[in-house]
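# Remarks on the overall topology
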Amino acid sequence: AGETYLLSVKHPGTTAGDNDFYFLNHRASSDNPLETADTTNNDVKTPETMQPGQGSVAGGTYFFVTGDIAPATDIDHFSIAVPSGLDNGKITVACSAQRAGSGLRGFEMTLMKADGTKVSGGATIESEAIGSVLSQVAIGGEKTLILQLKADKQDPAVSSSFYRCGVQIVK
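Just so we're clear, the structure is a prediction, and the values are computed from it rather than from any experiment.

### Looking at the sheet that holds strand β6 (residues 108–113)
Pairing is mixed across the open sheet formed by five strands, whose spatial order is β1-β3-β9-β6-β7. The sheet is open, and its two borders are formed by β1 (48–49) and β7 (118–125), each paired with just one other strand. Two strands pair when backbone bridges link them, and β1 and strand β3 (residues 75–81) are joined in this way by two bridges, in the parallel orientation. Counterpart to Glu 48 in the pairing with β3 is Phe 78.

### Regarding the sheet that holds strand β8 (residues 132–138)
Hydrogen bonds along the backbone pair up the strands of a sheet, which may run parallel or antiparallel. On the basis of which strands lie adjacent, the open sheet formed by four strands has the order β2-β11-β4-β8 and antiparallel pairing. Either end of the sheet is taken by a strand with one partner, and the two such strands are β2 (61–68) and β8. Pairs of neighbouring strands in the sheet enclose a mean axial angle of 10 degrees, with direction left out of account. Examined bridge by bridge, β2 and strand β11 (residues 162–170) share eight bridges and lie antiparallel to one another. Counted as the bridge partner of Phe 63 is Val 167 from β11.

### Brief notes about the state of the cysteines
Applying the stated criterion across every chain, the model contains one disulfide. Paired by a disulfide, Cys 95 and Cys 165 hold their sulfur atoms 2.1 Å apart. As the torsion about the S-S bond is roughly 115 degrees, the Cys 95-Cys 165 disulfide counts as right-handed. One end of the pair, Cys 95, is in strand β4 (residues 90–96); the other, Cys 165, is in strand β11, with 70 residues separating them in the sequence. We note that Cys 95, like Cys 165, is buried.

### Brief notes about the side chain of Glu 48
Turning to its location among the elements, Glu 48 is positioned in strand β1. The buried charged residue Glu 48 lacks any salt bridge, with Arg 164 as its nearest oppositely charged partner at 15 Å. Polar contacts involving the side chain of Glu 48 include one to the main-chain amide nitrogen of Ala 37, which spans 2.9 Å. Leave out the neighbours within four places in its chain, and Glu 48 touches Leu 34, Glu 35, Thr 36, Ala 37, Asn 41, His 77, Phe 78 and Ser 79.

Conventions used here
Residues numbered from 1 in each chain as written. Predicted model: local features only at pLDDT ≥ 70, side-chain atom pairs only at ≥ 80, totals over all residues. Heavy atoms only, no water. Pairing = 2+ DSSP bridges. Helix = DSSP H or I, 4+ residues; strand = E, 2+ residues; numbered from the N terminus. Axes fitted to C-alpha atoms, helices over the stretch in contact; angles between N-to-C directions. Disulfide = S-S within 2.5 Å. Buried < 20%, exposed > 50% of the residue type's maximum accessible area, 1.4 Å probe, protein only. Lys, Arg positive; Asp, Glu negative; His and termini not counted. Salt bridge = Lys/Arg side-chain N within 4 Å of Asp/Glu carboxyl O. Polar contact = N/O pair within 3.5 Å; in protein donor to acceptor, adjacent residues only side chain to side chain. Contact = heavy atoms within 4.5 Å.

Distances and angles like these do not, on their own, reveal function.
Structure, rendered in structure tokens:
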């Protein structure tokens, strides 16, 4: 509020045609629950608890969070309690930072077991062209998972340092 913002749309570099234009659809809506333990969730041993969302899918549960990594050397950890009966299911995590307009670059998410070891197939890095999605990763009997979020750097031309994440656990 009270700030002036500039929207820039990058042309793909192809030859302009007769109808060379863009449509932008912008709307205001509610956000994910906000990160609340920024001073303590930097340590994998004291993760912030990610709360289940209101939505559900047959046999599954959702979790959501919006957080901030500032400065870019900040590391956030969130614990995810795997619902009863889903510990042999699959987890999908989708986060967005740069691709949602944040100044975070090299945004990385890593899924870990409660002891801090990485889950097989549970790491990805967002880029300008590729989003951060871990799709249908096997939970492998774990009762608690840790989601680690960090970024390589902050774009000096973009002041925001937010990210948004959604998690889905299904059978």
